[in-house]
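Take a look at the letters that make up each chain.
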Amino acid sequence: MTISTFDRDLMEEYGFIEYRQALIDNGINASSEAKNSVRPGAVINIEMDVFLNENTFIKTGVKYTNGGDSYFFKTTDIQYQRFYGLITSDARFKIRPRLDYIAIPINYGKKVNDFTFYGGITPHINVASALRINSFDASNPNNVREEWDREDDVVKATKTVYFFNLGANYLIPAFDFDNVISLNIGYSLNPVYDDPNAAGKINDARLWTIELGYGITISTAD
């Protein structure tokens, strides 16, 4: 999984302040101010450690990952059914910018017992830029549901973003494979958007990411 956020607040640039006010004007009672949260996401990767000697290695591979940010405000006016059936009055109106990447890590690392530590530069090639906006279907007052709309290419993303990253893996021997738990923290060295029509600070925004992972390792040598 990933957790990500921009290094600056873009609620106003994305129109979330106006979106909140428009809902209030239409009768929604906002019980909280608009807030900047973090965006959960996913990462799938295959990586290879090429050992230079017993303890040092070059880490490379390929991964698909997504990140972005999340803005929300709460209201107690709406009771709705979550996807797992629970009825709640803690309704949140949200806007979530999303960026999807294919990344190729280039890292140098060192092995210390069952831990490996590494760092380097990871080029990220953008494959999607989208904005997700939630709403509530109240056509049936007894069965209000949260719905999500997706708008693609609202803001033009930078094609290639370079992330500086630091990470650590912990190997857990089990069966015929080693299980691995990983933590990786990254920060984009160049802005994630490049849109001549973008408002305000959008084209200056950089991205923080935290990746948490679990997988298995296959060794080609003892």
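Every chain is numbered independently, its residues counted from 1 as its sequence is written. For this predicted model, a pLDDT threshold of at least 70 governs which residues receive local features, and a threshold of 80 or more governs which side-chain atom pairs are given and counted, while totals over whole chains, interfaces and linings are taken from all residues. In computing side-chain properties, one takes all heavy atoms of the structure into account and sets aside hydrogens as well as water.

### A few points about the pairing of strand E6 (residues 71-75)
1) Next: A 1.4 Å probe rolled over the protein chains alone gives each residue an accessible area, and that area as a share of the maximum for its type sets the label: buried under 20%, exposed over 50%, partly exposed in between. Only DSSP runs of H or I with at least four residues qualify as helices, and only runs of E with at least two residues qualify as strands; both kinds are numbered from the N terminus onward. Within E6, 4 of the 5 residues are buried, leaving the element largely enclosed by the surrounding structure.
2) Next: Bridging between strand E2 (residues 35-36) and E6 involves 2 bridges; their strand directions are antiparallel. Directly across from asparagine 36, in E6, lies its bridge partner tyrosine 71.
3) Next: At least two bridges found by DSSP between two strands are what make those strands a pair. Where E6 lies against strand E9 (residues 91-103), 5 bridges are found, and the strand directions are antiparallel.

### Section: the environment of glutamate 33
1) Next: As for its placement among the helices and strands, glutamate 33 is situated in the loop between helix H1 (16-25) and E2.
2) Next: Here glutamate 33 falls in the exposed class, since its relative accessible area comes to 57%.
3) Next: The spatial distance from the C-alpha of glutamate 33 to the C-alpha of threonine 75 is 9.9 Å, given a sequence separation of 42 residues.

### A few points about the nonpolar core
1) Next: Ranked by size, the top nonpolar core spans 30 residues in total, and within it Phe6, Tyr14, Val192 and Tyr193 carry the most contacts.
2) Next: Elements that contribute at least two residues to this core include exactly H1, E6, E9, strand E11 (115-137) and strand E13 (160-174).
3) Next: Among the elements that make up this core, the one with the highest residue count is E9 (5 residues). In this description, a nonpolar core means a group of buried Ala, Val, Leu, Ile, Met, Phe, Trp, Tyr and Cys residues linked to one another through side-chain atoms lying within 4.5 Å.

### Focus on a nonpolar patch on the surface
1) Next: Judged by side-chain polarity, Ile44, Ile46, Val62, Tyr64, Ile102, Ile104, Ile106, Ile125 and Val127 come together as a nonpolar surface patch covering roughly 800 Å² of accessible area.
2) Next: At the level of elements, strand E4 (43-51), strand E5 (56-68) and E11 are the ones that each hand at least two residues to the nonpolar patch.
3) Next: Assignment of secondary structure puts valine 127 in strand E11. Within this analysis, patches are made of residues with over 30% relative accessible area and no salt bridge. Like charges are joined at 9 Å or less; nonpolar side chains (Val, Leu, Ile, Met, Phe, Trp, Tyr) at 5 Å or less. Residue burial considers only the protein chains on display, and all accessible areas are found by Shrake-Rupley using a 1.4 Å probe. Any Lys or Arg side-chain nitrogen located within 4 Å of an Asp or Glu carboxyl oxygen qualifies as a salt bridge.

### What to know about the pattern of salt bridges
Opposite charge on two side chains permits them to pair, given that their charged atoms come into close proximity.
1) Next: Throughout the structure, instances matching the rule amount to 7 salt bridges.
2) Next: Residue arginine 8 pairs with aspartate 7 through a salt bridge whose shortest N-O separation is 2.9 Å.
3) Next: In this structure aspartate 7 comes out as partly exposed when scored by relative accessible area, which is 27%.
4) Next: A salt bridge links arginine 20 to glutamate 33; its shortest N-O distance comes to 3.9 Å.

### Section: the packing of aromatic side chains
1) Next: Geometry of aromatic contacts follows a simple scheme: Phe, Tyr and Trp rings, the Trp one being its six-membered ring, pair when their centres are within 6.5 Å, and the pair is stacked under 30 degrees between planes, edge-to-face over 60, tilted otherwise. Per the counting criterion, the structure on display carries 12 aromatic pairs.
2) Next: Geometrically, the ring pair formed by phenylalanine 115 and phenylalanine 117 is stacked, given 6.0 Å between the ring centres and 15° between the ring planes.
3) Next: For phenylalanine 115, a relative accessible area of 38% gives the class partly exposed.
4) Next: The partly exposed category is assigned to phenylalanine 117, whose relative accessible area is 41%.

### Focus: H1
An α-helical turn contains 3.6 residues, so a residue and the one three or four places further along point in the same direction.
1) Next: By the burial criterion, the buried members of H1 are Phe16, Arg20 and Leu23. Buried residues along H1 cover an arc of 65° about the axis, so they all sit on one side.
2) Next: A contact between two residues is defined here by any heavy atoms of the two lying within 4.5 Å. Where H1 is buried, its residues touch E6 and E9.
3) Next: A positive phi of about 105° marks glycine 27, the residue just after H1. The directions considered for the arc run from the helix axis to the C-beta atoms.

So yeah, pure geometry; function would need other evidence.
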